[in-house]
Amino acid sequence: MRTLHEPDVRPAPDAFEAVGTSRAEGGDAARSASGEAEQKIGNFEAPKYVPDYKILEENLDSRNGAHAVRLLIDTRSRLQESFVLIARDLKSRYSDYDAVSAEFTDTEDLLFYNDDSVTRDQLAYYGGALIFNTYDGAIYLGYIYGPPNMDGYYVRSAD
């Protein structure tokens, strides 16, 4: 007669982190009281070096329980690698949100930018980033079958 052997159990990968509700939703206490937890996606540590950038617009949004922010970023950078560093910094800064979307532009050639439709139409588009901090954030951004990667962001520079 053979005995059954219990399989070895390993901890979950570092990409997953069980935490309570984000502060954007009202704090950890609300989710902890109900015993639920959400899974965070990716690393939330800011990079050591980040190219200079400025947030021109910040628009908050929520849908189906997911809290998100849309950003317009002013930067002189044009390279995909620079946009990735900025996206990682934004992921760290906006870790309380489920999703963040960012558009990269450069206002250097404009005389002024005053957040109106006329000057907004004059901006050039150099790339964008979709940052998903939770599974709800990935769904909010349109990834209905789950996140496209476990980094927690997707960055693309304009060709």
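Quick look at the structure, then. Everything quoted here is computed from the prediction, not taken from an experiment.

Counting through the fold element by element, Ser-95 comes out in the loop between α2 (80-93) and β5 (99-105). What Ser-95 contacts, discounting residues up to four positions off in sequence, is Lys-40, Phe-44 and Asn-133.

Moving on: the pattern of salt bridges. Tallying each qualifying case throughout the model produces four salt bridges. Each of Asp-74, Arg-76, Arg-78, Asp-106 and Glu-108 takes part in one network of salt bridges that share partners.

This paragraph deals with the environment of Asp-96. Turning to its location among the elements, Asp-96 is positioned in the loop between α2 and β5. Along the chain, Asp-96 and Thr-134 lie 38 residues apart, while their C-alpha atoms are 9.7 Å from each other.

So, on to the environment of Asp-106. Note on placement: Asp-106 falls in the loop between β5 and α3 (117-121). Judged by its relative accessible area of 9%, Asp-106 falls in the buried class. Separated by 32 residues in the primary sequence, Asp-106 and Asp-74 have C-alpha atoms spaced 5.0 Å apart. Those residues in contact with Asp-106 that sit more than four places away from it in its chain are Asp-74, Thr-75, Arg-76, Arg-78, Ala-124 and Tyr-126. A distance of 2.5 Å separates polar atoms of two side chains, one belonging to Asp-106 and the other to Arg-76. Looking at Asp-106, its side chain comes within polar contact range of the side chain of Arg-78, at 2.8 Å.

Now for the pairing of β5. Within β5, six of the seven residues are buried, which leaves it mostly tucked inside the rest of the structure. Across seven bridges, the pairing between strand β4 (residues 66-74) and β5 is parallel. Of the residues in β5, the one forming a bridge with Leu-72 is Glu-103. Taken together, β4, α2 and β5 form a β-α-β motif whose crossover is right-handed. Pairing of β5 with strand β6 (residues 127-132) involves six bridges; the strand directions are antiparallel. Residue pairing in the sheet places Glu-103 in a bridge with Gly-128 of β6.

Turning our attention to the pairing of strand β3 (residues 54-63). Each regular strand shows side chains that alternate between the opposite faces of the sheet. As paired strands, β3 and β4 are joined by nine bridges and run antiparallel to one another. For Ser-62, the partnering residue across the bridge sits in β4 and is His-67. From the end of β3 to the start of β4, which pair antiparallel, there are two residues, and Asn-64 there has a positive phi angle of about 50 degrees.

Procedures and definitions
- Residues numbered from 1 in each chain as written.
- Predicted model: local features only at pLDDT ≥ 70, side-chain atom pairs only at ≥ 80, totals over all residues.
- Heavy atoms only, no water.
- Helix = DSSP H or I, 4+ residues; strand = E, 2+ residues; numbered from the N terminus.
- Contact = heavy atoms within 4.5 Å.
- Salt bridge = Lys/Arg side-chain N within 4 Å of Asp/Glu carboxyl O.
- Buried < 20%, exposed > 50% of the residue type's maximum accessible area, 1.4 Å probe, protein only.
- Polar contact = N/O pair within 3.5 Å; in protein donor to acceptor, adjacent residues only side chain to side chain.
- Pairing = 2+ DSSP bridges.
- Right-handed = clockwise from strand over helix to strand, strands pointing away.

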